[in-house]
Amino acid sequence: MEPLRFIDKPLTWGHAGLMVLMAVAVLAVVILFVTYAIYFERKVIGWMQFRKGPNRTGPLGLLQTVADVSKLLLKEDTIPAKADRGLFILAPALAFIPSFAVLAFIPYSQHLQFADLNVGFLYYIALSGVTTIAIVIGGWASNNKYALLGGMRSAAQMISYEVPLVISVVGCVMLAGSLNLRDIVEAQSGYFWHWNFLPQIVGFAVFVVAAISELNRTPFDLPEAESELVAGYHVEYSGFRFAFFMLSEYVYVYAIACLTTILFLGGWHAPIPQLDFIPGLIWFVLKFAFVVFCLFWIRATFPRLRVDQLMGLAWKVLLPLSILNIFITAACIELFGMGG
Amino acid sequence: MSFNIDWTGEFIAFFALAVCAIVGAVMALNFTKVVHMALSLAFTFVSLAGLYVVLDAEFVAFVQVLLYVGAVTILMIFGIMMTKHQDEGQEAARPLLETLAAIGCLCLLAILIFAIRDADFPDPAGSLPADTTREIGKLLFARMAIPFELVSVLLTVAFIGAVALAKREEEPK
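Criteria and thresholds
- Residues numbered from 1 in each chain as written.
- Chains lettered and ligands numbered in written order.
- Predicted model: local features only at pLDDT ≥ 70, side-chain atom pairs only at ≥ 80, totals over all residues.
- Helix = DSSP H or I, 4+ residues; strand = E, 2+ residues; numbered from the N terminus.
- Buried ≥ 20, exposed ≤ 12 C-beta atoms within 10 Å, placed from the backbone.
- Contact = placed C-beta atoms within 7 Å.
- Rg over C-alpha atoms; globule rule 2.2 N^0.38 Å.
- Domains from an automatic or database assignment.
- Axes fitted to C-alpha atoms, helices over the stretch in contact; angles between N-to-C directions.
- Parallel < 35°, antiparallel > 145°, perpendicular 65-115°, else oblique.
- Left-handed = near helix turned anticlockwise from the far one by under 90°.
- Nonpolar A, V, L, I, M, F, W, Y, C, P; charged D, E, K, R; others polar.

## Here's the deal with the overall build of chain B
Part 1: Along its length, chain B carries 6 helices and 0 strands.
Part 2: Ordered by position from N to C terminus, the α and β elements of chain B give α-α-α-α-α-α.
Part 3: For chain B, the residues scored as buried account for 14% of the 173 residues in total.
Part 4: Sequence-distant contacts in chain B: of pairs separated by 6 or more residues, those separated by 24 or more amount to 55%.

Structure, rendered in structure tokens:
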């Protein structure tokens, strides 16, 4: 499927309908992912803590998330009396829209991609910044000090970790000679030791740490540290507005898992070329599922960082490491002719 | 004046984004709360980024979102939230000033319309390269290397200045 170009052609109802249909299809996939990601997260964490996890609603508890979401949607929608009403309503939507928009550029396999952008990774970073605004605004509009503190922490953390996140990817971009995600995947073809996670092991480590922090997940979930902040920026939210914040958080999990797969785990390539007869999409989904599992694993087993350690880690450890990684990569490309 | 326009996707996208940019700017002027103003400004920034995408300048567009929406707006919101705003509200109307401003705006609009109608837009020399981001990189690091380095020196100076200022405030303890 060629990336569809509508921009120069007259916009007919057919084209517009096709665009809407594609967006709805992605939305359906994402909602399905989020539903079962939450289920598996609870199952995996339960398994690691010698519990059973959800197992009552539906066969094997498969309908637990559906039940939870319907509960959220039926809940009373409260808006605090002293809240800034307009912004309080706007914030959840503003958090979700960019999280969904970042999914447009992900190449799932050689032929399945919605927008072939030559800026690639920059698109993700740019849009995820908008969600940061939404979190700050949500915290501020709630007119609650815990929400405001959570929002502030979240913004400070997301901005600080964005820097090493971007710089850690530069190594991959240098090896591929392009910002385009499809080219980056193509540059990793061959055996699994050609995938970027081995040649770019420092970049990979920095990327994973910074990505988990961008997602506001344990061990970096300070914005919602319940023991310090009650709940964080969404303490005043309930019902479907709260659901929207949670949804965008899980959509970002989806996006980051896709990006890790593409940038460091070879995208749709098989581990050894002999296994190429299995379609690329299946390899992509397998790697994607592995990354998501690791995120749950980390959540189940790590303690939370302290707020002063958090900033120190970003600026004093991750940033120098990622810059060092760029220098080493450049030296390797110059001296040993690695990459393209 | 003729309006025989092709209703291409490009035209519709341009029209929608232009309206969004103007609406954001007007809202930024009309709101009374500073946080609302900062947000509508962010809305204008996003619409402008959309216009850059329509013009095939993806790199500029997403850098615009990254810097203006991601960084500048959050900085503004931080600054606004950390300060008190008790005296927000309607200012007294100043009819004379407002009339003069309106006349000035109309004159500016007239001048702009005349200038745009008289201008002839030459066809761009040669087509755009397929990978505009790569071309920007090549230009920055080859032909424009010296201005680029000068800008980075300027940024470093500003950075050190900011650190020095922050340090000085800490001392009197």
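## With respect to the overall build of chain A
Part 1: Along chain A, the regular secondary structure elements total 11 helices and 0 strands.
Part 2: The order of α-helices and β-strands along chain A, N terminus first, is α-α-α-α-α-α-α-α-α-α-α.
Part 3: For chain A, whose C-alpha radius of gyration is 21 Å, the value lies close to the compact-globule estimate of 20 Å for 340 residues.
Part 4: Taking the principal axes of the C-alpha coordinates as reference, chain A spans close to 65 × 55 × 45 Å.

## Comments concerning the domain arrangement of chain B
Part 1: Annotation of chain B at the domain level lists domain 1 (7-83) and domain 2 (129-173).
Part 2: Put simply, the middle of domain 1 of chain B and the middle of domain 2 of chain B, counted by C-alpha atoms, are 24 Å apart.

## Points about the packing of helix 5 (residues 145-176) of chain A against helix 11 (residues 307-336) of chain A
All names here are of chain A.
Part 1: The N-to-C vectors of helix 5 and helix 11 enclose an angle of 10°; their axes lie 9 Å apart at closest approach. Looking at the two axes, helix 5 sits roughly parallel to helix 11. Relative to helix 11, helix 5 is oriented so that their crossing is left-handed.
Part 2: Of the residues belonging to the contact of helix 5 with helix 11, the class tally is 18 nonpolar, 7 polar and 1 charged.

## Examining the interface of chain A and chain B
Part 1: Taken together, the contacts link 24 residues of chain A with 23 residues of chain B.
Part 2: For the side of chain A that touches chain B, the elements supplying multiple residues, two or more each, are helix 4 (121-141) and helix 5 of chain A.
Part 3: Considering every element that reaches the side of chain A that touches chain B, the biggest residue donor is helix 4 of chain A, with 12 residues.

## Details of unusual backbone geometry
Residues and elements named next belong to chain A.
Part 1: In this structure, F50 is a non-glycine residue whose phi angle is positive, near 55°.
Part 2: The topology assignment puts F50 in the loop between helix 1 (13-48) and helix 2 (64-74).
Part 3: Here the phi dihedral of L60 falls at roughly 60°; this positive angle occurs in a residue that is not glycine.
Part 4: By the element assignment, L60 lies in the loop between helix 1 and helix 2.
Part 5: Judged by the 14 C-beta atoms lying within 10 Å of it, L60 is partly exposed.

## A closer look at the packing of helix 7 (residues 201-214) of chain A against helix 11 of chain A
All names here are of chain A.
Part 1: At a closest axis distance of 9 Å, the pairing of helix 7 and helix 11 adopts a crossing angle of 145°. Considering how the two elements wind past one another, helix 7 and helix 11 form a crossing that is left-handed. Between helix 7, through V202, G203, V206, V209 and A210, and helix 11, the contact on the second element is made entirely by L318, L321, S322 and N325.
Part 2: Within the contact of helix 7 with helix 11, the residues separate by chemical class into 6 nonpolar, 3 polar and no charged.

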